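Structure at a glance
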Amino acid sequence: MGCCQPCCRCCPGNKRDEEEEERWQPLMDRSCTDVIALVIFILFWVGMFFIAAYSIAGGNAYRLAYGTDSYGNVCGMQNVKNANINLKSAGLDMTGRPYVFFMDILNPKDALEICVSKCPDQDLNSIREIQEFAKNSSSSLCEYDVKQENMLTAGQSHLGPCPSTPVKASTSFLNRCVPKDAPEFLVKFMAILNSYDIFYKVLSDVFQARAEIAGMCVLAVVVALLMVALIRFVAGFVMWIFMGIVAVASIVGTALLWWTYASKNQEYYAVPENERLDENGKDVTAFLVYSIIATIATVVLLIVLFVMRKRVKLVVALFHEAGKVFMHTPLLVLQPLWTFIALALFFIYWIAVLVFLATAGEPTVDTSTGWVTYKDPEPVRYMWWYHVVGLLWTSEFFLACQQMVIAGAVTQVYFTRDKKQVSSPILKATGRLISYHLGSVAVGSFIIVLVKIPRLILTYIQAKLKDKENSCVQFTLKCCMCCLWCLENCLKYLNYNAYTVIAIEGTSFCTAARRAFLALVSNALRVVAINSVGDFVLFLGKLGVVAVVGAISLIIFRTDARLHYYAVPILVICVFAFFIAHCFLSVYEMVVDTLLLCFCEDCRINDGSPGREYYMDKSLLEFVENSSEALKNLDKKKKKETANTNANEHVELKETMNSSSKADYV
């Protein structure tokens, strides 16, 4: 009966698996995976380039940069008259008029816009003052066909030909005339900050301390690197202290609840029965319920901690092994930097195309106002969605490539028996990724996009329904978004482990995801230990970096007389320090997760027998069921290798002596 279990090697149905395991060679026998997905991803990017070409050919980024008037003229430029626009004020030379002026800044959407050579630098309270401003500055605030001598009788409104008074003193912001005292929609936000000039003081403090902030960011990088190097030595101590504190706190909390219940109960029954209050009786009952619940929770927690103790030891051992991996591949901590540079370049490209795409509309005349409006062609509406999907898919693709490189480098270190022979694991992992597994990365990243898109749609719907009073719909939307967020994070974790299996065995994404899922489920307690205790240790490491950098910043800034609020630059530095530490320690977390899956695959395939020795170090062998036998086989192998080496040396020495004896004889 035992030989017919699915996981047994002697079962006839598992002969194929047994043969695969017999010839299992990690990091070897590579072939291209998920080629169809890679072809689809390339074709998708062909579409992205088509959208970029269409946007650049049909768009006009100067419209956003310099602004346009209501007749389609770009301010500050020579304009060409469009055949579809039959307006006398269209296609004018606006070279000397670089600023957009709104007839009503508080309602710019419905107001006439014109190009002016100078924004009004003083309040204009009457049409005569507008005329005087035009004479003195040669900047007319009325329509182009209104002459200075006719301004007094031209008429005033937000539709022109002259602006309604008063006209507030303005300044140029992004080539638009904006009132110096800020328009109403900005005053609401700025009034609180400007009441005591807090906003400007904060900006001034950040600007004054810019050099120190940059220096502290560099220091945060150094401290984070030191934390990566040292965390493997303190991980075990922190984990056991943390578990001890949790256990003691649970026991003490439960004891205090029982003590409180006993005191309340004694006080309650010490009072004569006719003088007892119902509220006191309910209070005693409540503390009894709390004590029972706390007792059950404490017992369960202690049982879990007892069961998890060996798994926690494994986490400690994996942290030590992760430190050894960084000794072999120190440049692994810099992988987020290359990903950041790639993402930054892609975002610049994406935003540039977005700007051109936003201005790719065809100019038309609005019959109700007589002004020029821009209407997006039908294809552009679909291009917007295509461009957004491209942002999500490509961003996830770059992140997945980083994860694949990290997994590939770690697996090469793990599955190399002689660690002295490890050479350029990052370059080799990158080469394997580019040569064989870009298709698998495209599949994994697209799966994440399939979850992100519904989340974005629900977020858009929630924003549209924000002012509605239908609380049931709002609650349903939030629940759906929460479920999708949880699903997305689970898929990201599964994806990374799938990339690890691909790095080990070179299989397709779906096969790797299935094996990774089975490995995670069969080692659920180990996964829980790493994702709870291990993540807590890494979080403490991030806080440690913030604490060190923040303390040094406090010493530097507390006596700086230039600053109004020295807490502001310290806060900025702490935020940057946390994100820097997160970038470096997240790599450490990936390495630990990769080592766990390598350990599981090593245990699944190998059994420690001759010819099927484990790849893991001795520090991990104690967590294998047949560890004693495996250690004996490992010692036998080493003794045999030593004996062979000694025998070879003895033979060489004997041959040398014989040759020297013959030479002496001759």
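One can find the structure itself at the top, above this paragraph.
Residues numbered from 1 in each chain as written. Predicted model: local features only at pLDDT ≥ 70, side-chain atom pairs only at ≥ 80, totals over all residues. Heavy atoms only, no water.

**Brief notes about the overall build of the protein chain**
Our working definition: Helix numbering and strand numbering both begin at the N terminus, where a helix is a DSSP run of H or I of at least 4 residues and a strand a DSSP run of E of at least 2. For the exposure calls, accessible area comes from a 1.4 Å probe over protein chains only, and a residue counts as buried if that area is under 20% of its type's maximum, exposed if over 50%, partly exposed in between. The contact criterion used is simple: two residues touch if any of their non-hydrogen atoms lie within 4.5 Å. For every accessible area listed, the method is Shrake-Rupley and the probe measures 1.4 Å; residues are considered covered only by the protein chains on display.
Counting its secondary structure elements, the protein chain contains 17 helices and 6 strands. Counting over 666 residues, the protein chain shows a buried share of 41%. Pairs at least 24 residues apart make up 68% of the contacts formed inside the protein chain by residues separated by at least 6 positions. When the accessible surface of the protein chain is split by element, carbon and sulfur atoms take 65% of a total near 37300 Å².

**Regarding the environment of F356**
For F356, the location among the structural elements is in helix α9 (residues 335-358). Residue classification places F356 among the partly exposed residues on the basis of a relative accessible area of 24%. A sequence separation of 305 residues divides F356 from I51, and the C-alpha atoms of the two residues are 9.8 Å apart. Setting aside anything within four residues of it in sequence, one finds F356 in contact with S55, I56, G59 and A61.

**Concerning the side chain of S140**
Here is the rule we go by: N or O atoms within 3.5 Å of each other form a polar contact, as long as, within protein, one can give a hydrogen and the other can take it, and as long as residues adjacent in sequence are counted only when both atoms are side-chain atoms.
Relative to the elements of secondary structure, S140 occurs in the loop between α4 (127-137) and β3 (170-173). Take S140: its relative accessible area is 15%, and that puts it in the buried class. At a separation of 3.3 Å, a polar atom in the side chain of S140 contacts the main-chain amide nitrogen of C142.

**Side note on the environment of I130**
Mapped onto the elements of the fold, I130 is located in helix α4. With relative accessibility at 0%, the residue I130 sits in the buried group. Separated by 33 residues in the primary sequence, I130 and P163 have C-alpha atoms spaced 8.8 Å apart. Look past the residues within four positions of I130 in its chain and what remains in contact with it is L124, L141, M151, Q156, P163, T165 and V167.

**Considering helix α10 (residues 378-414)**
Here is the rule: Between the first and last residue of a helix there are one fewer steps than residues, each counted as 1.5 Å, and that sum is the expected span.
Helix length check: α10, at 37 residues, gives a terminal C-alpha distance of 54 Å against a target of 54 Å (1.5 Å per residue), a fit within 8%. With 27 of its 37 residues buried, α10 lies for the most part within the structure.

**Here we look at a nonpolar patch on the surface**
Short version of the rule: For patch detection, residues must exceed 30% relative accessible area and be free of salt bridges, and they are connected within 9 Å for like charges or within 5 Å for nonpolar side chains (Val, Leu, Ile, Met, Phe, Trp, Tyr). Only one rule defines a salt bridge in this text: a Lys or Arg side-chain nitrogen within 4 Å of an Asp or Glu carboxyl oxygen.
The grouping of V218, V222, L226, L230, F233 and V234 at the surface amounts to a nonpolar patch, some 560 Å² of accessible area in total. With respect to the element layout, V234 can be found in helix α7 (residues 210-270).

**Some points on the pattern of salt bridges**
A full pass over the atoms with the stated rule returns 9 salt bridges. Between E488 and R455 there is a salt bridge, with the nearest N and O atoms lying 2.6 Å from each other. Taken together, the positions of E488 in helix α12 (residues 471-505) and R455 in helix α11 (residues 425-464) put the pair 33 residues apart, joining distant regions of the chain. E505 is the partner of R604 in a salt bridge, and the nearest nitrogen-oxygen pair spans 3.4 Å. With R604 in helix α15 (residues 567-605) and E505 in helix α12, this pair connects stretches of sequence that are 99 residues apart. You can call E505 buried: its relative accessible area is 13%. Connected through shared salt-bridge partners, E396, K452, R455, E488 and K492 make up one network.

**Concerning the environment of R604**
On the basis of relative accessibility, which here comes to 37%, the residue R604 falls in the partly exposed class. In sequence terms R604 and A519 are 85 residues apart; their C-alpha atoms lie 9.0 Å from each other. Of the polar contacts made by the side chain of R604, one reaches the side chain of E601; its length is 2.9 Å.

**A word on the packing of aromatic side chains**
Put simply, the test is: Paired rings are identified among Phe, Tyr and Trp, the last through its six-membered ring, by centres lying within 6.5 Å, and are further divided according to the angle between planes into stacked (under 30 degrees), edge-to-face (over 60) and tilted (the rest).
Taken as a whole and judged by the stated rule, the model has 22 aromatic pairs. Both rings, one in F346 and one in F347, keep their centres 5.9 Å apart while their planes meet at 45 degrees; by these two values the pair is tilted. Three or more aromatic residues joined by ring pairs form one cluster here, namely F41, F44, W45, F49, F346, F347, Y349, Y386, W393, F397, F398 and F446.

**Remarks on the pairing of strand β2 (residues 113-116)**
Stated precisely, the cut-off is as follows: Strands pair, by our definition, only if DSSP identifies at least two bridges between them.
Side chains of β2 alternate between two faces, with E113 and C115 and I114 and V116 buried alike. Strand direction decides the pairing type here: strand β1 (residues 99-102) and β2, joined by 4 bridges, are antiparallel. When the sheet's bridge partners are listed, F102 is paired in β2 with E113.

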